[in-house]
Amino acid sequence: MLSVRDLNVSFPSEAGVVSAVRGVDFDLYRGRTLGIVGESGSGKSVTSMAIMGLLPEYAKVTGSVMYGGEELLTKTDRQMSKIRGNEIGMIFQDPLSALTPVYDIGTQLVEALQAHNNISKKAALNRAAELLDLVGIPEPQKRLKSFPHEFSGGMRQRVVIAIAIANNPKVLIADEPTTALDVTIQAQILDVIKVAQRETGAACIMITHDMGVVAGTADDVLVMYGGRPVEKTDVHTLFHQPQMPYSIGLLGSTPRVDQPSTEPLTYIEGTPPKLVNMQPRCQFAPRCPIAIEQCLDGEPPMVPLSGHVPHEVACIRHAEIHDGKLNGKPLYPTPKLPDDSLAGVPRDQREVTLEVENLNKEFPLTKGSLVKRRVGTVHAVKDVSFDLRAGECMAIVGESGSGKTTTLLEIMNLDPAPDSRIVICGEDASKFTTATRQKARRNIQMVFQDPMSSLNPRMTVKEIIREPLDALGYEGDKDARVTELMRTVGLDESQIDRFPGHFSGGQRQRIGLARALATNPAVIVLDEPVSALDVSIQAGVINLLESLKRELGLSYLFVAHDLSVVRHLSDRVAVMYKGDFVEFGESDAVFDNPQHPYTQALLSAIPIPDPDAERNRTRVKYEPVENKSK
């Protein structure tokens, strides 16, 4: 269906020429899915934009993209507009920015249909309703009149898929289509894409950084690093017999929800290369655990391996690697964690660092543009109770809107409602004055989801980490404390005067963690701390959190929608649904033997990074009791 040969894309910049894509080759076949994986900046999305002809004019694109015997790269934008949305459909990462906010959904679907077909508006509206029904949107005729902001994130992504398949395209490109979605919604969207592919017979390119999604959807996989392919084969071979050290590192960095975690994750040290003025060497060599002098002599070409399955790899030492090992030893040795300072101390004998009883939070539901009147109440959190002990990680999991973050914010506020009770390190928050509340904040600190938006870009690292020391009255040597904190979280103290923009995402999250540790807190609240990070960098941050918990006896209150991460890090887990805990217990017990139907549905929706396990499991769908009665 699509043949890409020696595709190269570069952009001019103040620092030099950015070589975003270099030498991409692949063939796409009818009814098959090609997964393109790699870290941020590896060139995945730029490859798809080059195929679609959506790159800016200043981008230099060379090579060949053949579709139906025609060269796409030589076509003008006007010529490509006849192919885009008709022959080749695209599902974008952010559905809100892909939809026009001032037009209703029906208008946008009709536009997509009438752009490529001689069809009346009435017929187009009927077809639009059929498409909404196909992608699983209830009452499609009514929802045609709805605007994008009236849909949830998952529903908006379904609309984007409906627009992408409106004209039965022969090629479907999905660029990170599930990144911002809950696992249950993600599973539904992936099923919708499979249905769409089956209905249209389209070939599909699935661009993602989630190895579990690749395991469940792809037939063939292209691994990219530093703007170029480094391994290409079918999905089963890649997961069971990877030959490129980068692919092996990616798979080792991925936590699994179906297995208990007894060892720390392996992770790839360092950061992806900047694609400016690149040196002629293996771009992965600075991070590769088995790099030798010859790796720096030039960039290794993609070479085919012998065997009955097509398999290409760009590594000069691939012949020495067997079953992910070199000479019988793992390429990535398992990191050693410090000894647990509270090992052997039973839970009931450990200090209670946080106690929450009957936590409630309600929001008024109002109506009217000029005169607001209360028409109802949203019960965001309902009678939540738990305790947290020293050296323990407790996770709260659930879909968006279940009340997880509201629970954290109510705890962090340290100002409970009259019927609620919050006790931090033995002190009852209901008795706090303004001064004692501020003093108590030394014992509870927070790490946020997006490290960039939670750090002041105009402050240096030293000023960011020192800020809580100044605000909460630290009496020791503050400069020495800042240096000590940078070492604790694995940052180079020579970078102390740099700004956040000079650091990678993983390093910025470490800065946020150092700031949280500044006042020696007993409890650290973590709100999706690794969701914005690439899987290889995420593994390093997870290992750091585990090390600090063991070494300092910290308590973590952890919120995440990635249950694979939760299983790896948490000791106890609470499953939250509509503001209430529906299941609560030891992590392994909840994950291995879930009792509540909602927990079962949640766990069955999490992709497993193993194509055999992922394709042979049964999805559980949760239908609330009130829906059944209807």
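Residues numbered from 1 in each chain as written. Predicted model: local features only at pLDDT ≥ 70, side-chain atom pairs only at ≥ 80, totals over all residues. Heavy atoms only, no water.

**Observations concerning the nonpolar core**
Proteins that are soluble and globular tend to have nonpolar side chains buried together. With 57 residues, the main nonpolar core has Leu 513, Leu 517, Ile 524, Tyr 556, Phe 558, Leu 563 and Val 566 as its most contacted residues. In contact with Ile 524, other than residues within four places in its own chain, are Gln 445, Val 447, Leu 513, Ala 516, Leu 517, Leu 554, Ser 555, Tyr 556 and Leu 557. By size, the runner-up hydrophobic cluster in this structure holds 36 residues, among which are Ile 137, Leu 144, Ala 164 and Ile 165. (Core = buried A, V, L, I, M, F, W, Y, C linked by side-chain atoms within 4.5 Å. Buried < 20%, exposed > 50% of the residue type's maximum accessible area, 1.4 Å probe, protein only. Contact = heavy atoms within 4.5 Å.)

**Let's talk about helix 15 (residues 478–488)**
Since there are 3.6 residues in each turn of an α-helix, residues three or four apart along the chain are aligned in direction. Residues of helix 15 that are buried: Lys 478, Arg 481, Val 482, Leu 485 and Met 486. Looking straight down helix 15, one finds its buried side chains confined to an arc of 135°; they lie on one side. Where helix 15 is buried, its residues meet helix 14 (461–471) and helix 16 (505–517). Between the side-chain oxygen of the N-cap and the backbone nitrogen of Asp 479 there are 3.2 Å, and the N-cap of helix 15 in question is Asp 477. (Helix = DSSP H or I, 4+ residues; strand = E, 2+ residues; numbered from the N terminus. Arc of directions from axis to C-beta. Polar contact = N/O pair within 3.5 Å; in protein donor to acceptor, adjacent residues only side chain to side chain.)

**Structural notes on the side chain of His 318**
As for its placement among the helices and strands, His 318 is situated in the loop between strand 12 (312–313) and strand 13 (321–322). The class of His 318 is buried, set by a relative accessible area of 19%. Discounting residues that sit within four places of it in the chain, His 318 has contacts with Gln 243, Val 303, Leu 305 and Val 313.

**A closer look at the sheet that holds strand 23 (residues 555–559)**
Reading across from one edge, 21-22-23-18-24-25 is the order of the six strands in this open sheet, with mixed pairing throughout. Single-partner strands in this sheet number two, and they are strand 21 (444–447) and strand 25 (580–586). This sheet shows a mean twist of 15° between the axes of neighbouring strands, independent of strand direction. Bridge count between strand 18 (residues 393–397) and strand 23: four bridges; the pairing is parallel. When the sheet's bridge partners are listed, Ile 396 is paired in strand 23 with Val 559. Packed on one face of the sheet, helix 20 (residues 597–604) meets strand 18, strand 24 (572–577) and strand 25 and runs near 105° to strand 24. (Pairing = 2+ DSSP bridges. Axes fitted to C-alpha atoms, helices over the stretch in contact; angles between N-to-C directions.)

**Looking at the side chain of Arg 287**
Among the structural elements, Arg 287 can be located in the loop between helix 11 (245–252) and strand 11 (303–304). Here the side chain of Arg 287 touches Tyr 225 through a polar contact of 3.3 Å, side chain to side chain. Here Glu 269 takes part through its backbone oxygen, which lies 2.9 Å from a polar atom of the side chain of Arg 287.

**Topic: the sheet that holds strand 15 (residues 329–330)**
Sheet strands associate in pairs through backbone hydrogen bonding, adopting either a parallel or an antiparallel arrangement. Read from one edge of the open sheet, three strands run 13-14-15, paired in antiparallel fashion. Every interior strand has two partners, whereas the edge strands, strand 13 and strand 15, have only one. Relative to strand 14 (residues 325–326), strand 13 runs antiparallel, the two being bridged by two bridges. Among the inter-strand pairings, His 322 is bridged to a residue of strand 14, identified as Lys 325.

**Some details on the packing of aromatic side chains**
On inspection of all chains with the given rule, the structure shows nine aromatic pairs. Ring centres of Phe 11 and Tyr 58 lie 6.3 Å apart, and the angle between their planes is 65°; on these two criteria the pair is classed as edge-to-face. Of this pair, Phe 11 sits in strand 1 (residues 2–13) while Tyr 58 sits in the loop between helix 1 (44–52) and strand 4 (60–67), placing them 47 residues apart in sequence. Given the relative accessible area of 17%, Phe 11 is considered buried. Consider the rings of Tyr 577 and Tyr 622, whose centres lie 5.4 Å apart with planes at 85°: the pair is edge-to-face. Linking Tyr 577 in strand 24 with Tyr 622 in the loop between helix 21 (611–615) and helix 22 (625–629), this pair joins segments that are 45 residues apart in sequence. A relative accessible area of 16% means that Tyr 577 is categorised as buried. Directly above the ring of Phe 151 sits Arg 143, whose terminal nitrogen or CZ lies 4.3 Å from the centroid. (Phe/Tyr/Trp six-rings, centres within 6.5 Å; stacked < 30°, edge-to-face > 60°. Lys NZ or Arg CZ within 6 Å of the ring centre and 35° of its normal.)

**Some details on unusual backbone geometry**
Its identity is not glycine, yet Asp 323 carries a phi of approximately 55°, on the positive side. Within the secondary structure layout, Asp 323 lies in the loop between strand 13 and strand 14. For Lys 578, which is not glycine, the phi torsion reads 50° and is therefore positive. Along the chain, Lys 578 turns up in the loop between strand 24 and strand 25. Taking the relative accessible area as the measure of exposure, Lys 578 reaches 44% and is therefore partly exposed.

**Remarks on helix 1**
All of the buried residues in helix 1 are Lys 44, Thr 47, Ser 48, Ala 50, Ile 51 and Met 52. Looking one or two residues past helix 1, Gly 53 carries a phi angle of roughly 70°, positive in sign.

**With respect to the pairing of strand 25**
As defined by bridge partners, strand 24 adjoins strand 25 across six bridges and the pair is classed as antiparallel. Bridging from a neighbouring strand, Tyr 577 pairs with Asp 580 of strand 25. From the end of strand 24 to the start of strand 25, which pair antiparallel, there are two residues, and Lys 578 there has a positive phi angle of about 50°.

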